[in-house]
Amino acid sequence: MWFETRSLEDGVTHIWEPCVKPFYRCNIWHVRGRDRDLLLDSGMGVVSLRDRIAALAERPVMAVASHTHFDHIGSHHEFPERAVHRAEAAIMAQPTRVNTLADLYVSDEIFTALPPGSYSAERYEVAPAPATRLLEDGDVIDLGDRRFEVLSLPGHSPGSIALWESATGTLFSGDTVYDGPLIDDCYHSNVDDYVESMERLRDLPVRIVHGGHFPSFGPERYRTLIDEYVAGKRRPGCPAEVG
Ligand SMILES: [Zn+2]
Ligand SMILES: [Zn+2]
């Protein structure tokens, strides 16, 4: 099986690609809703997600992109309803090896076993998946019985978002906060924006955080990760780092 899945509490299923090495392996999140399901991110797209995961073909699914790096949006084209933050709509519609970071990161070395079929690292690219819904800060993704608020969190990339369900204290944080090396130096990253986004997130009353990579964590680890990032960027006496 290219994908593995694990059901968590609260109707959340974690889907991942075990043969992609951990640093590159995106967490794909599926949330059951009354009227529709939520899919946050979709992996590399080297194997059909919709064909392999029966639960995703059974019901209407809103496929949301936490942002548009290749490891997060590879299978979005398989879902008719797609949402992305306005700032990265152009990348979803016209992804390239450069603007999705595939050029920089995709090689045979990121896999422990190569994808089946005619896959080749040199030819890998993300299929265009123009958004049917553009997201902005404060928008709500409504599943009928569950509501996820869109938080716009530029920094890792300009259109990075998190989804916040206040009723359960669940935060899907994308690549903004996860328990691993955070990336703020790709072509459209912005460190000042990143710090601001982190400061905004810090006081959110989270109970559980599901990130874009690496294992999920609770509120204590969440605040430590945020504080460590912010402290690392704001060292007093090092004004040379600004700009
Ligand atoms: Zn990313
Ligand atoms: Zn990522």
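Caption draft 1: Representation of the overall build of the chain in the model. Helix and strand counts for the chain stand at seven helices and 12 strands. For 243 residues, the compact-globule formula gives about 18 Å, and the C-alpha radius of gyration of the chain, at 17 Å, lands near that figure. Projected onto its principal axes, the C-alpha coordinates of the chain cover approximately 55 × 45 × 30 Å. For the chain, the proportion of its 243 residues judged to be buried stands at 51%. Intrachain contacts of the chain at a sequence separation of at least 6 include 61% that bridge at least 24 residues. For the chain, the computed accessible surface area is about 10700 Å², with 49% contributed by carbon and sulfur atoms.

Caption draft 2: Geometry of the sheet that holds strand β12 (residues 208-211). Taken together, five strands build an open sheet; the order of strands is β8-β9-β10-β11-β12 and the sheet is mixed. Only two strands of the sheet have a single partner each, and these edge strands are β8 (140-142) and β12. The mean inter-strand angle of the sheet, taken between neighbouring strand axes irrespective of direction, is 20°.

Caption draft 3: Structural context of empty space enclosed by the protein. On inspection of all chains with the given rule, the structure shows two cavities of 30 Å³ or more. Considering only enclosed or pocket space, the largest cavity measures out at about 150 Å³ in volume. Lining the largest cavity are 14 residues, and of these F23, D71, Y105, D175 and H213 lie nearest its centre. Ranked by residues supplied to the lining of the largest cavity, first place goes to helix α3 (residues 70-73) with three residues. Class assignment for the residues of the lining of the largest cavity results in seven nonpolar, five polar and two charged. Considered as a void within the structure, the second largest cavity measures approximately 40 Å³ in volume. Residue lining of the second largest cavity: L8, E9, D10, V12, T170, R207, I208 and H210, and that is the complete set. Tallied by class, the residues present in the lining of the second largest cavity amount to three nonpolar, two polar and three charged.

Caption draft 4: Here's a closer look at the packing of aromatic side chains. Evaluation of the coordinates by the stated rule reveals 10 aromatic pairs. Seen in terms of ring centroids, W2 and F111 are 6.1 Å apart; in terms of plane orientation they differ by 50°. Their pairing is tilted. With W2 in the segment before β1 (4-7) and F111 in the loop between α5 (102-105) and β7 (133-135), this residue pair connects regions lying 109 residues apart in the sequence. Taken as a pair, W2 and F111 share a single burial class, namely buried. Taking 5.3 Å as the distance between ring centres and 80° as the angle between the ring planes, the aromatic pair formed by F111 and Y119 counts as edge-to-face. Taken individually, F111 and Y119 each receive the classification buried, so the pair is uniform in this respect. Grouped by ring-pair contacts, the aromatic residues W2, F70, F111, Y119 and Y124 constitute a single cluster.

What counts and how
Residues numbered from 1 in each chain as written. Chains lettered and ligands numbered in written order. Predicted model: local features only at pLDDT ≥ 70, side-chain atom pairs only at ≥ 80, totals over all residues. Heavy atoms only, no water. Helix = DSSP H or I, 4+ residues; strand = E, 2+ residues; numbered from the N terminus. Rg over C-alpha atoms; globule rule 2.2 N^0.38 Å. Buried < 20%, exposed > 50% of the residue type's maximum accessible area, 1.4 Å probe, protein only. Contact = heavy atoms within 4.5 Å. Areas by Shrake-Rupley, 256 points an atom, 1.4 Å probe, with all protein chains shown as cover. Pairing = 2+ DSSP bridges. Axes fitted to C-alpha atoms, helices over the stretch in contact; angles between N-to-C directions. 1 Å grid on protein atoms, 1.4 Å probe; cavity = no way out; pocket = protein on both sides within 12 Å on 5 of 7 lines; lining within 4 Å. Points joined across faces, edges and corners; volume = space filled by probe spheres on them. Nonpolar A, V, L, I, M, F, W, Y, C, P; charged D, E, K, R; others polar. Phe/Tyr/Trp six-rings, centres within 6.5 Å; stacked < 30°, edge-to-face > 60°.

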